[in-house]
Amino acid sequence: MKDDHEFLIWLGGELALLPAVEAVALGGSRALGQNRPDSDWDFAIYYRERFDPADLRAKGWEGDVSELGGWGGGVMNGGAWLQVEDRRVDVHYRDLAEVKHWCAEAEHGRFDKELLLFYVAGIPTYVVMAELALNEVLVGDLPRPEYPDALADEAARRWKGDAIASLSYGQAALRSRGDDVVALANTSRALVEASHGILAEAKQWVLNEKGIVQRAGLDEEASMLLVASDLSQLALAMARIQSRFMA
């Protein structure tokens, strides 16, 4: 059995040998030094032109290998969930042309938000720039961008605006229909959106929504929402959240 360092070097090299792959990077908690012993291993493979997932399947590792676009398309354009030497491994496909495009857009403060499973507020296209800034390059040559001023300004503005809209819709659903599910869901989304905006203004990269509310300092507001036990308490929590960060 390989130790972690040996496994990292070995698997990075194996992924780099796949046709069309020009670079491999370690991502997630292990790249940030925040991993637990049982944390997954996250890898990104950067390819030129068209990558064929059949080449990854041919490695014979146990698990699921998606087609290109199999995870919804857009910046999250597919990947694999694998079991390699008793380790859980995620592989993300990264088209270098797409990465270059969205990095150029981010430099000018432009980005899209894409619907993606397991994401409450969607995934911003500048996540590919965040990955370049934070991931550990194992093979190949990749840029290490700084957080663009234009992106910090525009992302902070857009996320805050979306948070206000989500909360307002949730309040209307609670007030007019007593719909606590829609109210709670939209307020939760508003907290995530507001957190994105706070972190963007501070030029702090975000890779996903895990722990984002705590990072942004909105955990007290989240607690208000979670302890609400009836419609009146939910309405009060939503009003307090509004006064906290949506004035």
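Anyway, here's the lowdown on the structure attached to this text. Numbering of residues starts from 1 in every chain and runs along the sequence as written. The predicted nature of this model means local features are confined to residues of pLDDT at least 70 and side-chain atom pairs, given and counted, to a pLDDT of 80 or more, with totals for whole chains, interfaces and linings taken over all residues. Water and hydrogen atoms play no part in the side-chain values, which are based on all heavy atoms of the structure.

**Quick look at the overall build of the chain**
Inference 1: Under the DSSP-based scheme used, a helix requires at least four consecutive residues in state H or I and a strand at least two consecutive residues in state E, with every element numbered from the N terminus. Looking only at helices and strands, the chain features 10 helices and 8 strands.
Inference 2: Taking the principal axes of its C-alpha atoms as reference, the chain extends roughly 60 × 40 × 30 Å.
Inference 3: Note on exposure labels: buried denotes an accessible area under 20% of the residue type's maximum, exposed denotes more than 50%, and partly exposed covers the range between, all computed with a 1.4 Å probe on protein chains only. Burial statistics for the chain: of 247 residues in total, 46% are counted as buried.
Inference 4: The contact criterion used throughout is that any non-hydrogen atoms of two residues lie within 4.5 Å. Considering only contacts in the chain between residues 6 or more positions apart, those separated by 24 or more positions represent 61%.
Inference 5: Areas reported here follow the Shrake-Rupley algorithm with a probe of radius 1.4 Å; residue values treat only the protein chains shown as occluding. Of the roughly 12,400 Å² of accessible surface on the chain, a fraction of 51% belongs to carbon and sulfur atoms.
Inference 6: Counting 25 positive and 40 negative side-chain charges, the chain places the averaged centre of each group 4 Å from the other. In this charge count, Lys and Arg are treated as positive and Asp and Glu as negative; neither His nor the chain ends contribute. Throughout, a charge is located at the NZ atom of Lys, the CZ atom of Arg, the CG atom of Asp or the CD atom of Glu.

**Side note on helix α4 (residues 96-107)**
Inference 1: Its 12 residues place the ends of α4 16 Å apart at the C-alpha level, agreeing with the 16 Å of an ideal helix rising 1.5 Å per residue.
Inference 2: Among all positions in α4, only L96, V99, W102, C103, E105 and A106 are buried.
Inference 3: Where the residues of α4 are buried, they touch β1 (21-27), β2 (41-47), β5 (87-95), α5 (127-134) and α6 (149-177).
Inference 4: Identification of polar contacts relies on pairs of N or O atoms within 3.5 Å, with a donor-acceptor requirement for protein atoms, meaning one able to donate a hydrogen and the other able to accept it, and with residues adjacent in sequence counted only if both atoms are side-chain atoms. At the N-terminal end of α4, a side-chain oxygen is found 2.9 Å from the backbone nitrogen of A97, two or three residues along, and the residue is D95.
Inference 5: Two residues or fewer after α4 comes G109, characterised by a positive phi angle close to 80 degrees. Here the expected length of a helix is defined as 1.5 Å per residue gap, with one fewer gap than residues.

**Comments concerning the pattern of salt bridges**
Inference 1: Just to be clear on terms, a salt bridge is a Lys or Arg side-chain nitrogen sitting within 4 Å of an Asp or Glu carboxyl oxygen. In total, this model carries 13 salt bridges according to the counting rule given.
Inference 2: Between D38 and R36 there is a salt bridge whose closest N-O contact spans 3.2 Å.
Inference 3: Classification of D38 as partly exposed rests on a relative accessible area of 45%.
Inference 4: Close ionic contact of R57 with E67 constitutes a salt bridge, the shortest N to O distance being 2.7 Å.

**Regarding the nonpolar core**
Inference 1: To define a nonpolar core, start from buried Ala, Val, Leu, Ile, Met, Phe, Trp, Tyr and Cys residues and group those joined through side-chain atoms within 4.5 Å. Counting 52 residues, the largest nonpolar core has Y46, Y126, L151, L191 and W205 as its most contacted members.
Inference 2: If we skip the residues at most four places from it in the chain, L151 touches A106, G109, F111, Y126, A156 and W205.
Inference 3: Core analysis: the next-biggest nonpolar cluster, separate from the first, contains 22 residues, V24, I45, V84 and V89 among them.

**Details of the side chain of E114**
Inference 1: Tracing the backbone shows E114 in strand β6 (residues 113-114).
Inference 2: Buried E114, no salt bridge; nearest opposite-charge side chain is R94, N-O distance 8.6 Å.
Inference 3: At a separation of 3.0 Å, a polar atom in the side chain of E114 contacts the main-chain amide nitrogen of V75.

Remember that the coordinates give geometry; whether it matters functionally is a separate question.
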